[in-house]
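Fold and contact review
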Amino acid sequence: MRLSEYFLPVLRENPSEAQIVSHRLMLRAGMIRQSSAGIYSWLPLGLRVLKRVEQIVREEQDRSGAQEILMPTIQPAELWRESGRYEDYGKEMLRLRDRHEREMLYGPTNEEQITEIVRAGVKSYRDLPKNLYHIQWKFRDEVRPRFGVMRGREFLMKDNYSFDLDANGAKHSYNKMFVAYLRTFARMGLKAIPMRADTGPIGGDLSHEFQILAASGESGVFCDRGWLDSDILTDILDEEIDYDGDLEPLFRRFTSLYAATDEIHKPDACPIPPEQLVSGRGIEVGQVFYFGTKYSQPMGAVVAAPNGEEVALEMGSYGIGVSRLVGALIEANHDDAGIIWPASVAPFRLGLINLRAGDAKCAQACDALYGKLRGAGVEVLYDDRDESPGAKFAAMDLIGLPDQLILGPRGLAAGTIECKNRRSGARQDLPLDAAVARFAAAS
Ligand code: 5CA
């Protein structure tokens, strides 16, 4: 993509409404634009990251055996009356009426909708287990939407729902998602610690939140000091995981070190000594719940068991904050100059800067390089604008692509291009063709 043609409304000044670094950088880098409180448009650069994050989430869901569907954003109120949650949900739910005065709502979550779908389509224990997910916009009329996409009113969530015949099967489904979540966040380079958590309005008594430690986080968290220097969360990417096998040993390994959110942490009952305990703030990027028959029972989602008796389905639900993750990734990856994207979620793999756009030779060499990189399948953002080198460096550092190639008349005369790594700042002069080969291989 040529920057001269790209819609990238970069802000020079810090927007005054942004209190945390990710919100500030998303606005400055032209990733999002606020529509109203807690509701955002995603602009080209932001949308590319959102799609990257979504794709990693999708791949790990598919790998675990979950199947993708797409449920609507608008749901009928009567479904929520069946579960008893319509009144309970209170003001956080956006309620609407259609032209026939039928009560509708913009879904804050989808337990009822999915239970209705599965009760219509699953009749026998032979149809089980099932695990269905979708990636869809949600609306929660939060009292205090803030921090940009971190606590939005409209936000993108991956939510899935598991259906099993009995509690053992349901725990296996829970473990599958637990492991899939560890892998999902590790692929994004995030250290998301699974913590015992309260279940709130979703219900049930087994739940974990996946928390990224960050001073700007909204959750109060407690965990064993061992989590801080442990690499076990990245080790999961090297494991060969058999999702049909026994996942309980893995689950135990990743829950053996204490970690809990402040809602359920009890200082008197804490199993580890105070000097071993760390308290801090966390960003909740996902939560998993096992709630048994809380929805299937009242909504009549039953199957015939092997003995012929009707039993209510055992259910769990599992959420990942896809749009929140974009903010969380920035909180975990930035410096004073701007964002530093991990390659797995970067909007483009590489930035190419022409230092002297007005110079015909430079422009020709950069155009040729751009063509070769694209031909090799490398996603490049090419700064071909007629701007000062300083402005180009600042913009490229701000948007945080993992590597930059910088070409000016001096390099061209020597037949080399400067290659700068955004994270380390390391610079290296490479022969022009070697630059293409390096990134072609890496993409
Ligand atoms: N039905 C369950 C699981 S599918 C559920 O709704 N869980 S949740 O309430 O924990 O939400 C799942 C994830 O969505 C959270 O872990 C969080 O990462 C994200 N999320 C929740 N509320 C917001 C919000 N207001 N803005 C951005 N992301 C949010």
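Because the structure is predicted, anything quoted here is derived from the model rather than measured. (Residues numbered from 1 in each chain as written. Predicted model: local features only at pLDDT ≥ 70, side-chain atom pairs only at ≥ 80, totals over all residues. Heavy atoms only, no water.)

Notes on the overall build of the chain
Looking only at helices and strands, one finds 14 helices and 23 strands in the chain. Relative to the 2.2 N^0.38 estimate, which gives 22 Å for 443 residues, the radius of gyration of the chain is 24 Å and therefore close to what a compact globule would have. C-alpha extents for the chain along the principal axes are approximately 80 × 60 × 40 Å. Counting all 443 residues of the chain, 54% fall into the buried class. Relative to all contacts within the chain whose residues are 6 or more apart in sequence, the contacts with residues 24 or more apart total 72%. Surface exposure of the chain reaches about 19400 Å², of which carbon and sulfur atoms provide 48%. Seen as two clouds, the 54 positive and the 64 negative side-chain charges of the chain have centres 5 Å apart. (Helix = DSSP H or I, 4+ residues; strand = E, 2+ residues; numbered from the N terminus. Rg over C-alpha atoms; globule rule 2.2 N^0.38 Å. Buried < 20%, exposed > 50% of the residue type's maximum accessible area, 1.4 Å probe, protein only. Contact = heavy atoms within 4.5 Å. Areas by Shrake-Rupley, 256 points an atom, 1.4 Å probe, with all protein chains shown as cover. Lys, Arg positive; Asp, Glu negative; His and termini not counted. Charge placed at Lys NZ, Arg CZ, Asp CG, Glu CD.)

A few points about the site of the ligand
The full set close to the ligand counts 22 residues, and Thr-109, Glu-111, Arg-140, Gly-152 and Glu-284 are the nearest of them. Glu-284 is positioned such that a nitrogen or oxygen atom in its side chain is 2.4 Å from an oxygen atom of the ligand. Contact with the protein chains removes 96% of the 600 Å² of surface that the ligand exposes when unbound. Of all the secondary structure elements, the ones that give two or more residues to the shell around the ligand are strand S8 (154–164), strand S13 (277–292) and strand S16 (314–321). Per-element tally for the shell around the ligand: the top contributor is S13, with five residues. Here the residues of the shell around the ligand are counted per class, giving eight nonpolar, seven polar and seven charged. (Near = heavy atom within 4 Å. Polar contact = N/O pair within 3.5 Å; in protein donor to acceptor, adjacent residues only side chain to side chain. Nonpolar A, V, L, I, M, F, W, Y, C, P; charged D, E, K, R; others polar.)

Regarding the packing of aromatic side chains
Enumeration over the complete set of coordinates arrives at 12 aromatic pairs. An aromatic cluster of at least three residues, connected via ring pairs, comprises Tyr-174, Phe-178, Tyr-181, Phe-185, Phe-210, Phe-251 and Tyr-318. Over the face of the ring belonging to Phe-348 we find Arg-48, whose NZ or CZ atom lies 3.9 Å from the ring centre. Lying over the aromatic face of Tyr-86, Arg-95 brings its terminal NZ or CZ to 4.6 Å of the ring centre. (Phe/Tyr/Trp six-rings, centres within 6.5 Å; stacked < 30°, edge-to-face > 60°. Lys NZ or Arg CZ within 6 Å of the ring centre and 35° of its normal.)

A closer look at the pairing of strand S5 (residues 94–97)
Sheet topology places S5 next to strand S6 (residues 103–106); four bridges connect them, and they run antiparallel. Note on S6: the bridge partner recorded for Arg-95 is Leu-105. (Pairing = 2+ DSSP bridges.)

A look at the packing of helix H1 (residues 21–28) against helix H10 (residues 322–332)
Where H1 contacts H10, the axes come no closer than 8 Å and their chain directions differ by 105 degrees. What the angle tells us is that H1 and H10 run roughly perpendicular. Note on element contacts: H10 touches H1 through Val-326, Gly-327, Ile-330 and Glu-331, opposite Val-21, Ser-22, Leu-25 and Met-26. (Axes fitted to C-alpha atoms, helices over the stretch in contact; angles between N-to-C directions. Parallel < 35°, antiparallel > 145°, perpendicular 65-115°, else oblique.)

Observations concerning the nonpolar core
Ranked by size, the top nonpolar core spans 82 residues in total, and within it Met-31 and Trp-341 carry the most contacts. Among the elements that take part in this core, helix H6 (residues 167–187) stands out by supplying 10 residues, more than any other. Setting aside anything within four residues of it in sequence, one finds Met-31 in contact with Met-26, Ser-41, Trp-42, Leu-43, Leu-45, Gly-46, Val-49, Val-326, Ile-330, Ile-339 and Trp-341. Ranked by size, the runner-up nonpolar core spans 18 residues in total, among them Cys-366, Leu-373, Ala-435 and Phe-439. (Core = buried A, V, L, I, M, F, W, Y, C linked by side-chain atoms within 4.5 Å.)

Some thoughts on the state of the cysteines
Enumeration over the complete set of coordinates arrives at zero disulfides. Here Cys-362 is not cross-linked by a disulfide; its sulfur's nearest cysteine counterpart is in Cys-366, at 5.8 Å. Accessibility expressed as a relative area gives 0% for Cys-362, which makes it buried. Just so you know, Cys-419 is unpaired, no disulfide at all, and the nearest cysteine sulfur is the one on Cys-366, 14 Å from it. (Disulfide = S-S within 2.5 Å.)

Looking at the packing of H6 against helix H8 (residues 248–255)
Relative orientation and spacing of two packed helices are given, respectively, by the angle between their axes and the distance between those axes. Following both chains from N to C, one finds H6 and H8 inclined at 55 degrees, their axes separated by 9 Å at the closest point. By the criterion of interaxial angle, the relationship of H6 to H8 is oblique. Seen along the crossing, H6 lies across H8 with a hand that is left-handed. On H8, the residues that touch Lys-171, Tyr-174, Asn-175, Phe-178, Val-179 and Leu-182 of H6 are Glu-248, Leu-250, Phe-251, Phe-254 and Thr-255. A per-class count over the contact of H6 with H8 returns seven nonpolar, two polar and two charged. (Left-handed = near helix turned anticlockwise from the far one by under 90°.)

A few points about the sheet that holds strand S22 (residues 416–421)
A sheet is described by the order of its strands in space; here five strands give the open sequence S20-S19-S21-S22-S23, paired in mixed fashion. Strands at the two margins of the open sheet, each flanked by one partner only, are strand S20 (380–383) and strand S23 (427–431). Looking at each pair of strands side by side, their axes are set apart by 25 degrees on average, direction ignored. Direction of pairing for S22 relative to S23: antiparallel, over a ladder of five bridges. Paired with Lys-420 across the two strands is Arg-427, which belongs to S23. Along the sheet face, helix H11 (residues 360–375) touches strand S19 (350–354), S20, strand S21 (403–407) and S22 and points at about 165 degrees away from the line of S19. Its contacts with the sheet place helix H12 (residues 389–399) against S19, S20, S21 and S22, and it is angled at close to 175 degrees to S19.

Focus on the side chain of Asn-160
Tracing the sequence through the fold places Asn-160 in strand S8. Residue class for Asn-160 comes out buried when judged on its relative accessible area of 0%. Of the polar contacts made by the side chain of Asn-160, one reaches the side chain of Gln-61; its length is 3.0 Å. If we ignore the near neighbours within four places in the chain, the residues touching Asn-160 are Gln-61, Ala-66, Asn-131, Leu-132, Tyr-133, Met-177, Tyr-181, Gly-316, Ser-317 and Tyr-318.

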